[in-house]
Amino acid sequence: MISRRAAFIYILLRLYLIPISVSSYALTSNPKNNIRCVSTQLRYRNIGIHNTRSRFTVAKDIVQDCRIQLELNAHIDSLDSDGNNADKDFSNEEQPTSSDTSTTPFVGLPSYRRIIWFVATTFLIWVSEPLLSLVDSAAVGRYAGHTSTQSSSSPNLSSVVQLAALGPATTVCDSSIYLTLFIAMATTNKLAKAFAKDDLDEQITTISHVMGVSLVVGTILLLFINLQGGRLISSILGQAGATVSIGSKVIDLTPEVLRASLGYARIRSIASPLAVMGLTAQSALLCSQDTQTPALAVAVASITNIIGDYLFVAKFRWGVRGAALATSIASFLANSILIRKVYKMFITWKDAYRDRMKREKVLQSVLDTDISKEKERDPLATAFISFPDRQSLISLLLLAGPMFFVMLGKILGYSAMTVRAGSFGMVSLACHNVLMRIFFFFATVGDALSQSAQTFLPGLFYRKSLEEKEEDTNDTTAPQRTTSSSDSNDARTLVKRLLLISSTMGIVNCISGRWIALNAGSTFTSNAALVSLMSHVSPFMGLALLLHPLTMALEGSIIAASDSGYLVGTYVASILALLGWLKFICKDFLGVWHGILVFQALRISQFGVRVWRRTASNRKRKSVQQQ
């Protein structure tokens, strides 16, 4: 048994001289060590090593801890009389420990290899939605022309009509789903912080609330597209968006284009509730660093959509409605896989939380004290889909609200580009649709980089904030800190790694995207004018792809830092600049793609300065303020 003097010496060394790592106390099969481990972690975590206290309070804690240690030793000795029964009981309590550990993903500075692997797998995941739209564009452009009922239109022209109808329809569907990404971003932010703190209660509550909010938002989206989709598509088409000139004759094909677009949007909207829930589930899985399940869902969606387009568009000749049906079926299967996996993860967290509560009750009985906190609700009684209470809703809105306006700003900017492109005629609108599908396909690399920043940075920011608080509170004991000075720069190191990877991927995207626009135009349509226009605009689309990964990596860093106010302000300025460019400076279809370059450059300049300042160490910021 440890003597009273040894206990005093140990505690004094623990508080002032030797910062013994808590992680060195690992649970084993020995019940004696387990009790010491758990009690030491809980007691010394609450002593407040990082807080300045009076000598009287510290001495009081020392006496209390010494008494607890002696009582624990007495209880441990009493366990010897229980024999194998005690070992059996405690071994059963230990089993959830491995699952408990597995519920917490990696938190720290990731290596280049980990980042690249995460970005690569996340790219394959995020590429699903634009890939489905790209496959739809190729199938409709090649095979839908033979179903036209317009007597004045050749099959070649009818193919352009169908492709032009697909443009506003995919813009409405993809943009509406993309708008709901604010829920997924809030999910990533809240879960990443919960993982950093190892807070199972927060993890369970977050999943339950965001799935309920996603279901409501998806249902609203379904009703909105079916009730107001016609007006929205008409506004995107504009007055000259569906007119074509044949010789000296101008033909207005607006009714046919509008009818086909609305049919596509309504069929796609059937899967909207499940799609929004699946998008949120996907973000939760990526935040927990599970990339296998989303990758499987993407593979299922891609294969299903290709088979569906072949059957419904190429064989049955159902045009854009067939493409919408194929995409909806693919979305249903993929999102079902994602939601099912998140439900299993949700149950695992509940089991881990239940086992953790059991261990705390065992410790309570040993200490004869109440160390648990009273909770307003029981996380074990939380359903998989529930609606947040007032306090939880406010907390969620503080994160999701600004992200909603950011997503709305992006959609407004890209939709304004589509409207402006449609003002130059139907061929320009069809060309813009194809180029935007290519752009969004490669832009998923930027989304993957943004997801990486939102996944890895919150833990580093959380650790950095703790270190800065320790620096502020430990004035006289600062030389005794054992935390490496480089730890405070981990956030900036990660940003540097992300920017290096972003620059490399931007070059690859630029070359690949431009090559497709130059050489693969016939894959999307057989119209010669459309193919020629794609080649003419391809250099500027390539430059936009070059800048996009850098933009998204910086944007993800700002989201990870919960700097939503600055993010909203920069987007207001950038969107106003883009709208002003399209309204007053853009004179032809080429000017539309000049505008997106301005949009990217503005965001990079605004985000870069902010991220560089936020990732600076506390010591550097103090020196700058003193200067």
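Every value quoted in this text rests on a predicted model; they were computed, and no experiment measured them. (Residues numbered from 1 in each chain as written. Predicted model: local features only at pLDDT ≥ 70, side-chain atom pairs only at ≥ 80, totals over all residues. Heavy atoms only, no water.)

Asks: Lay out the overall build of the protein with the relevant residues and their values.
Replies: Secondary structure summary: the protein contains 22 helices and two strands in total. Expressed as a percentage of the 627 residues in the protein, the buried residues total 52%. Contacts in the protein between residues at least 24 apart in sequence constitute 85% of all its contacts with a sequence separation of at least 6. Total accessible area computed for the protein in this model is approximately 28,200 Å², and 61% of it derives from carbon and sulfur atoms. (Helix = DSSP H or I, 4+ residues; strand = E, 2+ residues; numbered from the N terminus. Buried < 20%, exposed > 50% of the residue type's maximum accessible area, 1.4 Å probe, protein only. Contact = heavy atoms within 4.5 Å. Areas by Shrake-Rupley, 256 points an atom, 1.4 Å probe, with all protein chains shown as cover.)

Asks: An account of the environment of valine 508 is requested, with residue identities and associated values reported.
Replies: Structurally, the position occupied by valine 508 is in helix α17 (residues 490-519). Sequence-wise, valine 508 and leucine 545 are 37 residues apart; in three dimensions their C-alpha atoms are separated by 8.9 Å.

Asks: Now, about the nonpolar core: what can you tell me, with residues and values included?
Replies: Tyr264, Leu435, Phe439, Leu457, Leu567, Phe589 and Trp593 are the most contacted members of the largest nonpolar core, which has 115 residues in total. By residue number, the principal contributor to this core is helix α16 (residues 426-473), which donates 20 residues. In this structure leucine 567 touches Met403, Val406, Glu555, Ile558, Ile559 and Phe607, once residues within four positions along its chain are discounted. Listed in part, the 25 residues of the second largest apolar core include Leu191, Cys287, Phe346 and Ala352. (Core = buried A, V, L, I, M, F, W, Y, C linked by side-chain atoms within 4.5 Å.)

Asks: Outline unusual backbone geometry, supporting the account with residue identities and numerical values.
Replies: Phi angles above zero are rare outside glycine, and aspartate 198 is one such case at about 55°. For aspartate 198, the position within the fold is in the loop between α9 (181-197) and α10 (200-237). For glutamine 289, which is not glycine, the phi torsion reads 65° and is therefore positive. Assignment of secondary structure puts glutamine 289 in the loop between α12 (272-287) and α13 (292-315).

Asks: Provide a residue-level description of the packing of helix α19 (residues 528-560) against helix α20 (residues 564-585), including the pertinent values.
Replies: At their nearest, the axes of α19 and α20 sit 9 Å apart, and the two run at 140° to each other. Of the possible angle classes, the one that applies to α19 and α20 is oblique. Note on element contacts: α20 touches α19 through Tyr566, Leu567 and Tyr571, opposite Glu555, Ile558 and Ile559. Its residues placed into classes, the contact of α19 with α20 shows five nonpolar, no polar and one charged. (Axes fitted to C-alpha atoms, helices over the stretch in contact; angles between N-to-C directions. Parallel < 35°, antiparallel > 145°, perpendicular 65-115°, else oblique. Nonpolar A, V, L, I, M, F, W, Y, C, P; charged D, E, K, R; others polar.)

Asks: Quick rundown of the layout of surface pockets? Include the residues and the values.
Replies: Quantified by volume, the second largest pocket comes out at close to 470 Å³. Along the walls of the second largest pocket sit 22 residues, with Ser176, Leu179, Phe224, Leu232 and Ile411 positioned nearest its centre. Put simply, the parts of the chain that give the lining of the second largest pocket at least two residues each are α8 (155-179), α10 and α15 (390-422). Per element, the largest residue contribution to the lining of the second largest pocket is eight residues, and it comes from α10. Across the lining of the second largest pocket, the residue classes tally to 16 nonpolar, six polar and no charged. (1 Å grid on protein atoms, 1.4 Å probe; cavity = no way out; pocket = protein on both sides within 12 Å on 5 of 7 lines; lining within 4 Å. Points joined across faces, edges and corners; volume = space filled by probe spheres on them.)

Asks: Provide a residue-level description of α9, including the pertinent values.
Replies: Taking 1.5 Å of rise per residue, the 17 residues of α9 would be expected to cover 24 Å, and the 25 Å separating its terminal C-alpha atoms lies within 8% of that figure. Positioned one or two residues after α9, aspartate 198 has a phi angle of 55°, which is positive. (Expected span 1.5 Å × (residues − 1).)

Asks: Which residues make up the confidence of the model for the protein, and what are the values?
Replies: Close inspection of predicted coordinates is inappropriate for parts of the model with low pLDDT. Averaged over all residues, the pLDDT of the protein is 77; the fraction at 70 or higher stands at 70%. Within the model, the stretch residues 79-102 combines pLDDT values under 50 with 24 contacts to residues more than four positions away or in other chains. (pLDDT = per-residue confidence, 0-100.)

Asks: Account for α12, naming residues and giving values.
Replies: For α12, spanning 16 residues, the distance from its first C-alpha to its last is 23 Å, which sits close to the expected 22 Å at 1.5 Å a residue. Most of α12 is tucked away, with 15 of its 16 residues classed as buried. Looking one or two residues beyond α12, the residue adopting positive phi is glutamine 289, at roughly 65°.

Asks: Would you mind going over a nonpolar patch on the surface in detail, with residue names and values included?
Replies: Taken together, Ile303, Ile307, Tyr310, Leu311, Phe316 and Trp318 make up a surface patch of nonpolar side chains, about 620 Å² in accessible area. Position of isoleucine 303 relative to the elements: it lies in helix α13. (Patch = residues over 30% accessible without salt bridge, like charges linked within 9 Å, V, L, I, M, F, W, Y side chains within 5 Å. Salt bridge = Lys/Arg side-chain N within 4 Å of Asp/Glu carboxyl O.)

Asks: Residue-level account of the environment of leucine 457, with values.
Replies: Residue position: leucine 457 is located in helix α16. With 268 residues separating them in the primary sequence, leucine 457 and asparagine 189 have C-alpha atoms 9.7 Å apart. Sequence-distant contacts of leucine 457, that is, excluding residues within four places in its chain, are made with Ser452, Ala491, Leu494, Val495, Ser557 and Ala560.

Asks: Give a detailed account of the pattern of salt bridges, specifying residues and quantitative values.
Replies: For the structure on display, the rule yields eight salt bridges. Salt-bridge contacts for arginine 356 lead to aspartate 198; the nearest nitrogen and oxygen are separated by 3.3 Å. Here arginine 356 is found in helix α14 (residues 319-367), whereas its partner aspartate 198 is found in the loop between α9 and α10, with 158 residues between them in sequence. Notably, a salt bridge pairs arginine 603 with glutamate 555, separated by 3.7 Å at the nearest N-O pair. Within this pair, whereas arginine 603 is found in helix α21 (residues 589-614), its partner glutamate 555 is found in helix α19, the two being separated by 48 residues in sequence. Exposure remark for glutamate 555: the relative accessible area of 0% places this residue in the buried category. What emerges from the salt-bridge pattern is a single network uniting Lys410, Glu555 and Arg603.

Asks: Please set out the packing of aromatic side chains residue by residue, giving values where relevant.
Replies: Inspection of every chain in the model, using the stated rule, returns 18 aromatic pairs. With a centroid separation of 5.9 Å and an interplanar angle of 75°, the aromatic rings of phenylalanine 195 and tryptophan 349 are classed as edge-to-face. In this pair, phenylalanine 195 is assigned in helix α9 and tryptophan 349 in helix α14, connecting sequence segments 154 residues apart. Judged by its relative accessible area of 3%, phenylalanine 195 is buried. Assessed through its relative accessible area of 1%, tryptophan 349 is described here as buried. Consider the rings of phenylalanine 312 and tryptophan 318, whose centres lie 5.4 Å apart with planes at 5°: the pair is stacked. Relative accessible area serves as the criterion here: at 14%, phenylalanine 312 is assigned to the buried category. Take tryptophan 318: its relative accessible area is 44%, and that puts it in the partly exposed class. Looking at arginine 492, its charged tip hangs above the ring of tryptophan 612, at a distance of 3.8 Å from the centre. Between the NZ or CZ atom of arginine 603 and the centre of the ring of phenylalanine 599, over which it lies, the distance is 4.2 Å. (Phe/Tyr/Trp six-rings, centres within 6.5 Å; stacked < 30°, edge-to-face > 60°. Lys NZ or Arg CZ within 6 Å of the ring centre and 35° of its normal.)

Asks: Tell me about the packing of α15 against α21, residues and numbers included.
Replies: Here α15 crosses α21 at 165°, and the two axes come no closer than 9 Å. In terms of orientation, α15 lies roughly antiparallel with respect to α21. Along this stretch, α15 crosses α21, giving a crossing that reads as right-handed. When α15 is examined against α21, the residues Lys410, Tyr414, Met417, Arg420 and Ala421 are found in contact with a partner set consisting of Phe589, Val592, Ile596, Phe599, Gln600 and Arg603. (Left-handed = near helix turned anticlockwise from the far one by under 90°.)

Asks: Please give an account of the side chain of serine 428 that cites residues and values.
Replies: Relative to the assigned elements, serine 428 resides in helix α16. Setting aside anything within four residues of it in sequence, one finds serine 428 in contact with Ala421, Leu533 and Phe589.

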